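What the coordinates show
Listed here are the chains, written in short residue letters.
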Amino acid sequence: QVQLVESGGGLVQPGGSLRLSCAASGRFFSIYAMAWYRQAPGKQRELVATISNSGATNYADSLKGRCAISRDIAKNTVYLQMNSLKPEDTAVYYCNADVRKTTGDVLYRYWGQGTQVTVSS
């Protein structure tokens, strides 16, 4: 089984910054890509950013220019640095990972339990 554990959420004032972390653990061969999503109350879960195993990144318009996704492959960890936060960024932030359990295997997607980010004065 593969576990993803997010951390780093919390309460921050508008204009502030947060750095989220997500660490993957368990039995698997490799992680192909990792991503961050978020879900605000009453809204659908939406993509924030993705990063592949080669380091290629992709950002949704909602946080583009205000966040940066990075990855430590050796630690199986993905990070999301968020700056200039706005109240509308308030949401539960989830990470996921596309994992190969064995060499040549198909990809399986796993999700973390989420971490709350609240932007408020």
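Note: the structure precedes this text.
With the rule as written, the count across this model stands at one disulfide. Paired through a disulfide, Cys-22 and Cys-95 show a sulfur-sulfur distance of 1.8 Å. Residues Cys-22 and Cys-95 share a disulfide whose torsion about the S-S bond is about 40°; that sign makes it right-handed. Taken together, the positions of Cys-22 in strand 3 (residues 18-26) and Cys-95 in strand 9 (residues 91-100) put the pair 73 residues apart, joining distant regions of the chain. Accessibility expressed as a relative area gives 0% for Cys-22, which makes it buried.

Before going further, it helps to spend a moment on the pattern of salt bridges. Counted by the stated rule, this structure contains five salt bridges. For Asp-89, the salt bridge is made with Arg-38, and the minimal N-O distance between the two is 3.0 Å. With Asp-89 in the loop between strand 8 (77-82) and strand 9 and Arg-38 in strand 4 (residues 30-39), this pair connects stretches of sequence that are 51 residues apart. Accessibility classification places Asp-89 together with Arg-38 in one group, the buried group. The salt bridge involving Asp-89 is made with Arg-66; its shortest N-O contact spans 2.8 Å. Placement of Asp-89 in the loop between strand 8 and strand 9 and of Arg-66 in the loop between strand 6 (57-59) and strand 7 (67-72) is noted, with a sequence separation of 23 residues between them. This pair shows no difference in class: Asp-89 is buried, exactly as Arg-66 is.

Let us look at the sheet that holds strand 3. With antiparallel pairing, the four strands of this open sheet are ordered in space as 1-3-8-7. This sheet does not close on itself; its edge strands, each paired only once, are strand 1 (2-7) and strand 7. Across the sheet, the mean angle from the axis of one strand to that of its neighbour is 15°, orientation sign disregarded. Here strand 1 runs beside strand 3; their pairing, made up of six bridges, is antiparallel. The residue of strand 3 that forms the bridge with Gln-3 is Ser-25.

Rules used throughout
- Residues numbered from 1 in each chain as written.
- Predicted model: local features only at pLDDT ≥ 70, side-chain atom pairs only at ≥ 80, totals over all residues.
- Heavy atoms only, no water.
- Disulfide = S-S within 2.5 Å.
- Helix = DSSP H or I, 4+ residues; strand = E, 2+ residues; numbered from the N terminus.
- Buried < 20%, exposed > 50% of the residue type's maximum accessible area, 1.4 Å probe, protein only.
- Salt bridge = Lys/Arg side-chain N within 4 Å of Asp/Glu carboxyl O.
- Pairing = 2+ DSSP bridges.
- Axes fitted to C-alpha atoms, helices over the stretch in contact; angles between N-to-C directions.

Limitation: the analysis is restricted to geometry and does not speak to function.
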